[in-house]
Amino acid sequence: MTQRPFIIDCDTGTDDAIALMAAFGCPEINVRAITSVNGNVPEEYTSANNLNLTEYLGIDVEVARGATLPFYPRGDYYGPTHGKTGLGDVIIPDACRTSFSKDMAPEVIRRIAEEEKGELELLVIGPMTNIAIAISLYPQLKKQIKHIWFMGGAAKGGNVSATAEFNIWVDPIAAKLVMSAGIPMTMVGLDVTEKAVLGREEEKELREYGSKASVLTADILEYMFKRCKGGGEDALMHDALALAAAVIPECLECRETSLDVEFRGEYTAGHTVTGVCNRRVHQEANASVALELHLDVFKKWLLECVKRCGEA
Ligand code: BDR
Ligand code: CA
């Protein structure tokens with residue numbers, strides 16, 4: 001099977017870590033690099049998590065550091081959801097055999113896009129800062145990137161404010177730059193990812209399976225269950241659902257529509273404006289937006305991918 005080349009740009013992050021493990025167990029794709037960005041926790045931690053995770057699982061992949069700040073930093077956005085380090089109370093040993101790429105995220109994206117000659121796809125599961133910088137530095141990327149699959153925004157609602165989802169809210173200016181670049185894209189927003197919840201049954205199945213990746217995923221789920229009991233977010237697989245959109249599109253109902261982002265509003269910055277809920281928005285369709293999820297299809301696929309992760 002010809003594998004589709006991907007770069008995963010992430011702010012790892014509990015659910016980002018699970019999405020990465022799923023990606024490594026996904027036969028359809030070849031993860032060419034992981035690029036790290038500030039978001040759930042500072043970039044120093046998201047980068048360390050990416051390197052530690054890949055070394056721990058024995059996955060040979062380029063891991064690059066990336067943006068430490070959004071374009072317009074405003075306020076303190078490191079919440080309690082992912083704990084201090086990004087992985088809750090889960091500890092992965094520090095990497096000692098591997099090191100970061102000599103190149104920063106935008107350069108890695110430029111190089112691999114050139115090598116892949118129009119075939120490179122991006123899975124973006126954190127704020128879009130690295131991607132915006134890359135496009136700004138290397139505008140040829142607008143033609144070279146085949147598709148961007150991203151978790152962020154929402155056709156309706158938000159989790160940071162009534163109208164904004166975290167990834168887009170952290171860096172709405174970056175999102176604006178990326179969304180206006182003319183690159184084909186699919187938005188998997190919060191109003192759909194909030195339905196992508198795992199429970200005890202999945203945790204048990206993964207723990208019993210006994211591989212490094214499946215047990216680590218079970219440990220992260222355990223942390224998420226505790227978090228939920230304490231009034232926090234449930235075991236939501238936001239980021240893995242954006243990967244699923246790319247490889248098992250049948251798990252989602254999507255619609256081609258217009259997509260833009262409000263980046264100036266005092267109360268509404270980070271709100272993704274789509275034609276789905278705004279009948280008076282008449283721009284041309286520039287994105288596919290997820291609207292509904294077939295949860296059983298998604299859960300089955302996710303467990304299979306995590307179980308395959310790290311298998312030779
Ligand atoms: C998004 O923000 C982060 O907390 C998750 O990793 C996900 O990418 C959900 O709003
Ligand atoms: Ca994320």
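Owing to the predicted nature of the structure, the values given are computational and were not obtained by experimental measurement. (Residues numbered from 1 in each chain as written. Chains lettered and ligands numbered in written order. Predicted model: local features only at pLDDT ≥ 70, side-chain atom pairs only at ≥ 80, totals over all residues. Heavy atoms only, no water.)

(A) Structural detail: the overall build of the chain. For the chain, the count of helices and strands is 12 helices and 10 strands. Over its C-alpha trace the chain gives a radius of gyration of 18 Å, about what one expects of a compact globule, namely 20 Å for 312 residues. On the principal axes, the C-alpha backbone points of the chain span a range of 50 × 40 × 40 Å. Taken across its 312 residues, the chain has 57% of its residues classed as buried. In the chain, of all internal contacts separated by at least 6 residues, the share reaching a separation of at least 24 is 81%. Summing over all exposed atoms, the chain offers an accessible surface of approximately 13200 Å²; the carbon and sulfur share of this is 52%. Each charge class in the chain can be summarised by its mean position, and for the 31 positive and 45 negative side chains these summaries are 2 Å apart. (Helix = DSSP H or I, 4+ residues; strand = E, 2+ residues; numbered from the N terminus. Rg over C-alpha atoms; globule rule 2.2 N^0.38 Å. Buried < 20%, exposed > 50% of the residue type's maximum accessible area, 1.4 Å probe, protein only. Contact = heavy atoms within 4.5 Å. Areas by Shrake-Rupley, 256 points an atom, 1.4 Å probe, with all protein chains shown as cover. Lys, Arg positive; Asp, Glu negative; His and termini not counted. Charge placed at Lys NZ, Arg CZ, Asp CG, Glu CD.)

(B) Molecular detail of the site of ligand 1. Neighbouring ligand 1 are D15, D16, N40, H82, I125, M151, N159, E165, F166, N167, H238 and D239. A distance of 2.9 Å is found between an oxygen atom of ligand 1 and a side-chain nitrogen or oxygen belonging to D16. Note that an oxygen atom of ligand 1 is positioned 2.8 Å from one of the side-chain N or O atoms of H82. For ligand 1, the protein covers 96% of the area, taking 280 Å² as the surface of the free molecule. Here ligand 1 is seated within the largest pocket. Within the residue set of the shell around ligand 1, elements represented by two or more residues are α1 (14-24), α6 (166-170) and α11 (238-247). Of the residues contributing to the shell around ligand 1, the split by class is 3 nonpolar, 5 polar and 4 charged. (Near = heavy atom within 4 Å. Polar contact = N/O pair within 3.5 Å; in protein donor to acceptor, adjacent residues only side chain to side chain. 1 Å grid on protein atoms, 1.4 Å probe; cavity = no way out; pocket = protein on both sides within 12 Å on 5 of 7 lines; lining within 4 Å. Sits in = over half its atoms within 2 Å of the grid points. Nonpolar A, V, L, I, M, F, W, Y, C, P; charged D, E, K, R; others polar.)

(C) Local environment of helix α3 (residues 105-116). Spanning 12 residues, α3 covers 16 Å between terminal C-alpha atoms, matching the ideal 16 Å at 1.5 Å per step. One or two steps after α3, the chain reaches K117, where phi turns positive at roughly 50°. (Expected span 1.5 Å × (residues − 1).)

(D) The side chain of T274, seen in detail. Summarising the element assignment, T274 is placed in strand β9 (residues 272-274). Take T274: its relative accessible area is 0%, and that puts it in the buried class. At a separation of 3.1 Å, a polar atom in the side chain of T274 contacts the main-chain amide nitrogen of V276.

(E) Highlighting the coordination of the calcium ion (ligand 2). Only D11 (OD), D16 (OD), D16 (OD), I125 (O) and D239 (OD) from the protein reach the calcium ion (ligand 2) as donors, at distances of 2.3 to 2.7 Å. Counting residues between consecutive donors of the calcium ion (ligand 2) along the chain gives the motif D-x4-D-x108-I-x113-D. With D16 in helix α1 and I125 in the loop between β4 (120-124) and α4 (129-137), this residue pair connects regions lying 109 residues apart in the sequence. We classify I125 as buried; its relative accessible area is 1%. (Donors = N, O, S within 2.8 Å, 3.2 Å for Na, K, Ca; no water.)

(F) Focus on the sheet that holds strand β6 (residues 185-188). Pairing in this open sheet of 8 strands is mixed, and the strands run β3-β2-β1-β4-β5-β6-β10-β7 from one edge to the other. Because the sheet does not close on itself, it has two edges, and the strands there are β3 (62-64) and β7 (252-257). Between one strand and the next, the sheet's axes are offset by a mean angle of 25°, whatever the strand orientation. The sheet contact formed by strand β1 (residues 4-10) and strand β2 (residues 29-36) spans 7 bridges and is parallel. Among the inter-strand pairings, I8 is bridged to a residue of β2, identified as I34. Sitting on the sheet, α11 touches β1, β2, β4, β5 (145-151), β6, β7 and β10 (287-293), and the angle it makes with β5 is about 145°. (Pairing = 2+ DSSP bridges. Axes fitted to C-alpha atoms, helices over the stretch in contact; angles between N-to-C directions.)

(G) Seen up close, the packing of aromatic side chains. All chains considered together, the criterion is met by 1 aromatic pair. Here the aromatic rings of F298 and W301 are separated by 6.0 Å at their centres, their planes lie at 35°, and the arrangement is tilted. Placement of the pair is F298 and W301 together in helix α12 (residues 295-308), with a separation of 3 residues, close to one helical turn. The lysine or arginine in question, R110, covers the ring of Y138, its NZ or CZ lying 5.7 Å from the ring centre. Looking at K212, its charged tip hangs above the ring of Y56, at a distance of 4.5 Å from the centre. (Phe/Tyr/Trp six-rings, centres within 6.5 Å; stacked < 30°, edge-to-face > 60°. Lys NZ or Arg CZ within 6 Å of the ring centre and 35° of its normal.)

(H) Region of interest: the layout of surface pockets. The space that makes up the largest pocket amounts to roughly 340 Å³. As for the largest pocket, its lining consists of 19 residues, of which N40, T81, H82, N159 and F166 are closest to the centre. Of all elements in the fold, only α1, α6 and α11 reach the threshold of two or more residues within the lining of the largest pocket. Within the lining of the largest pocket, the residues separate by chemical class into 6 nonpolar, 7 polar and 6 charged. Of the pockets and cavities examined, the second largest pocket occupies roughly 180 Å³. Considering the residues around the second largest pocket, the lining is formed by Q3, A23, F24, C26, I29, N30, V31, I59, D60 and V61. At the level of elements, α1 and β2 are the ones that each hand at least two residues to the lining of the second largest pocket. For the lining of the second largest pocket, a count of residues per class yields 7 nonpolar, 2 polar and 1 charged. (Points joined across faces, edges and corners; volume = space filled by probe spheres on them.)

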